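Structure assessment
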Amino acid sequence: MSEPLHILHIDDSPDHLKIMQFMLLKAGLAHDLVQCKSREEVKALLDTSNNHFDLVILDYQMGDSTSEDMLKWFEGVPVVVATVHEDDDLDSQLMKKGAADFVSKSELSPRLLKRIIRHALERQCILNQFIEESWHDPLTGLYNRRFAMREITRLIVDKRRYGRNFSLAIIDMDDLKSINDSLGHLAGDKAIKFIADAMTTVVRSGDIIARFGGDEFLMIFPNTEIADAKTSLLRFLAHLQDNSLTVDGKDYCLTASCGLVSCGEASLQSILERADAKLYQAKSACKNCVVSE
Ligand SMILES: Nc1nc2c(ncn2[C@@H]2O[C@H](COP(=O)(O)OP(=O)(O)OP(=O)(O)O)[C@@H](O)[C@H]2O)c(=O)[nH]1
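Nothing here was measured: the structure is a model prediction, and the numbers come from that model. Per-chain numbering applies: the sequence of each chain, read as written, is numbered from 1 onward. Reporting of local features is limited, given that this is a predicted model, to residues whose pLDDT is at least 70; pairs of side-chain atoms are given and counted only at 80 or more, and all residues count toward the totals for whole chains, interfaces and linings. Only hydrogens and water are removed before side-chain values are computed, so all heavy atoms of the structure are retained for them.

The domain architecture assigned to the protein chain consists of domain 1 (5–134) and domain 2 (145–292). How far each domain reaches was decided by an automatic or database domain assignment. The gap between the C-alpha centroids of domain 1 and domain 2 is 41 Å.

Right, here's the structure in full:
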């Protein structure tokens with residue numbers, strides 16, 4: 001647990017805001033505290049700044065409605081729900097919806113608060129490790145297809161909201177089957193890893209590389225026009241030409257084919273279909289090339 005902790009406390013009662021401030025002080029955890037009185041204040045805070053919080057303490061009853069919907073607003077951050085309700089089922093109901101813990105305001109003490117915060121942070125740390133692993137491909141260490149789909153969907157929303165263009169390429173290794181057949185499956189795995197490392201070497205920070213499946217990869221270029229994305233892909237192919245894979249003391253030159261598209265107002269499905277069509281052209285032409293729209 002790295003301190004000071006950045007804690008966001010949300011409660012519509014001025015008294016409870018003061019009590020929580022006091023409890024946190026007495027709990028003796030080094031922290032800085034941001035407090036919000038309404039969901040509008042929270043929204044504005046999350047929209048306008050680059051705030052990252054380590055922990056959120058959320059009042060269950062906000063005005064006439066409950067704050068259950070707000071549990072989704074803090075992905076990857078533990079949310080402890082505090083309430084005056086004495087409902088035996090409410091805690092498990094809230095945990096199922098993503099709350100890290102639940103505390104009754106009438107039972108709250110600095111000691112209990114400190115324990116709840118520590119446990120919530122430790123559990124979140126373990127959970128985040130699992131989440132991180134679930135986004136990665138074990139062979140290459142690259143992001144996996146599931147992560148890539150989520151990122152593309154996020155970029156499509158960004159494009160609609162802010163007009164930011166992005167480019168995307170599907171990359172398919174050339175002739176992996178013949179490597180598998182002649183050198184064995186382990187050498188094929190080594191070749192896949194070699195291609196993945198080459199991609200990692202040439203991309204700019206901020207670009208996203210994922211293993212799409214088998215010997216196919218995705219390169220996603222946020223805020224990038226197609227000409228710049230093409231330059232990165234050509235750099236990648238040149239890197240493959242200049243560096244060879246060594247298996248049993250022999251060097252092998254690997255190549256790949258790339259289908260590149262610019263992603264304007266389009267759906268995930270149509271972006272992938274268009275990129276796949278360009279990849280097909282690259283494979284049909286001569287392989288070891290980039291075909292773009
Ligand atoms: N070693 C290894 N091989 C894989 C893996 N995933 C898929 N493959 C193999 O990769 C090959 C991909 O075949 P294709 O893409 O159809 O053919 P290719 O030989 O790469 O030829 P082109 O794509 O036409 O250049 C198949 O033989 C798969 O069995 C993997 O994780 N490891």
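Having put the structure on the table, let's press on.
With that settled, the discussion passes to the pattern of salt bridges. By definition here, a salt bridge exists when the distance from a side-chain nitrogen of Lys or Arg to a carboxyl oxygen of Asp or Glu is within 4 Å. This structure, assessed with the given rule, holds 18 salt bridges. Between E68 and K97 there is a salt bridge; the shortest N-O distance is 2.5 Å. Remark: K97 occurs in the loop between helix 3 (90–96) and strand 7 (101–104) and E68 occurs in the loop between strand 5 (65–66) and strand 6 (79–83); sequence separation between them is 29 residues. The cut-offs for exposure are 20% and 50% of the maximum accessible area for each residue type, with area from a 1.4 Å probe on protein chains only; residues under the lower value are buried, those over the upper are exposed, and the others partly exposed. Residue K97 is classed as partly exposed on the basis of its relative accessible area of 45%. Between E151 and R154 there is a salt bridge, with the nearest N and O atoms lying 2.6 Å from each other. You can see E151 and its partner R154 sitting in helix 5 (residues 145–162), three residues apart, about one turn around the helix. The partly exposed category is assigned to R154, whose relative accessible area is 40%. Shared partners join several salt bridges into a network, and the residues in it are E151, R154, D158 and R164. Helix and strand assignments come from DSSP, with helices taken as H or I runs of at least 4 residues and strands as E runs of at least 2, each series counted from the N terminus.

Attention now moves to the site of the ligand. Near residues are defined by distance, with any heavy atom within 4 Å of the molecule or strand qualifying the residue. Among the 16 residues in the neighbourhood of the ligand, the closest are listed as D175, K177, N180, D189 and R211. Interatomic distance of 2.6 Å between a side-chain N/O atom of D189 and a nitrogen atom of the ligand. We call two N or O atoms a polar contact when they sit within 3.5 Å, provided that within protein one can donate a hydrogen and the other can accept it, with sequence-adjacent residues counted only if both atoms are side-chain atoms. The side chain of K287 places a nitrogen or oxygen atom 3.0 Å from an oxygen atom of the ligand. Here the Shrake-Rupley method, with its probe set to 1.4 Å, supplies the accessible areas, and only the displayed protein chains count as covering residues. Protein chains bury 65% of the 660 Å² of accessible surface belonging to the ligand in isolation. Only strand 8 (166–173), helix 6 (176–183) and helix 7 (185–202) provide two or more residues apiece to the shell around the ligand. Residue classes follow a fixed rule: Ala, Val, Leu, Ile, Met, Phe, Trp, Tyr, Cys and Pro count as nonpolar, while Asp, Glu, Lys and Arg count as charged, and any other residue, Gly among them, counts as polar. Looking at side-chain class alone, the shell around the ligand contains three nonpolar, four polar and nine charged residues.

Centres within 6.5 Å make a pair out of two Phe, Tyr or Trp rings, where for Trp the six-membered ring is used; the pair is then stacked when the planes are under 30 degrees apart, edge-to-face when over 60, and tilted otherwise. Evaluation of the coordinates by the stated rule reveals two aromatic pairs. Taking the centre distance of 5.5 Å and the plane angle of 70° together, the rings of W135 and F147 count as edge-to-face. Of this pair, W135 sits in the loop between helix 4 (110–134) and helix 5 while F147 sits in helix 5, and the two are 12 residues apart along the sequence. Plain terms: the ring middles of Y143 and F147 are 3.8 Å apart, the flat faces sit at 10° to each other, and that makes the pair stacked. Classification of Y143 by relative accessible area gives partly exposed; the value is 28%. Every member of this aromatic cluster is reached through a ring pair, and the members are W135, Y143 and F147.

Right, let's talk about the pairing of strand 7 for a bit. Of the two faces of strand 7, the one lined by D101 and V103 and the one lined by F102 and S104 are each fully buried. Strands were regarded as paired on the criterion that DSSP finds at least two bridges between them. In this sheet, strand 7 lies alongside strand 6 in parallel orientation, the contact comprising four bridges. Bridging across to strand 7, T83 finds its partner in S104. Convention used here: a crossover is right-handed provided that the path from the first strand, over the helix, to the second strand proceeds clockwise when the strands point away from the viewer. For the crossover from strand 6 across helix 3 to strand 7, the handedness is right-handed.

Pairing between sheet strands relies on hydrogen bonds along the backbone, with the strands arranged either parallel or antiparallel. Ordered by their spatial adjacency, five strands build an open sheet running 2-1-3-6-7, and the pairing between neighbours is parallel. Of all strands in the sheet, those with a lone pairing partner are strand 2 (31–36) and strand 7, marking the two edges. Averaged over all adjacent pairs, the angle separating strand axes in this sheet is 20°, with direction ignored. As paired elements, strand 1 (residues 5–10) and strand 2 share six bridges and run parallel to each other. Bridge pairing in strand 2 places L5 opposite H31. Contacting strand 1 and strand 2, helix 2 (residues 39–48) runs over the sheet at an angle of about 125° to strand 2. Angular values range over 0 to 180 degrees, each being the angle between N-to-C directions of two axes fitted as lines to C-alpha atoms, with helices fitted over their stretch in contact. Residue contacts are counted whenever heavy atoms from the two residues lie within 4.5 Å of one another.

Another aspect to go through is the sheet that holds strand 13 (residues 256–263). Strand order across the open sheet formed by five strands is 9-10-8-13-14, with mixed pairing between neighbours. Each end of this open sheet is capped by a strand with a single partner; those strands are strand 9 (208–213) and strand 14 (290–292). Looking at each pair of strands side by side, their axes are set apart by 20° on average, direction ignored. When strand 9 meets strand 10 (residues 216–222), the two strands line up antiparallel, connected through five bridges. Within strand 10, the residue paired with I209 across the bridge is M219. Packed onto the sheet, helix 9 (residues 268–285) meets strand 8, strand 9, strand 10, strand 13 and strand 14 and runs at close to 145° relative to strand 13.

Among buried residues, the Ala, Val, Leu, Ile, Met, Phe, Trp, Tyr and Cys ones that are joined through side-chain atoms within 4.5 Å form a nonpolar core. I171, F217, M219, L233 and F236 are the most contacted members of the largest nonpolar core, which totals 32 residues. Of all the secondary structure elements, the ones that give two or more residues to this core are strand 8, helix 6, helix 7, strand 10, helix 8 (226–242), strand 11 (245–247) and strand 13. Ranked by residue count, the leading element in this core is helix 7, at nine residues. Ignoring sequence-local partners within four residues, the contact set of L233 consists of A169, I171, M219, F221, C258, L260 and V290. Counting residues in each nonpolar core, the second largest holds 22 residues, with F147, F212, L218 and L279 among its members.

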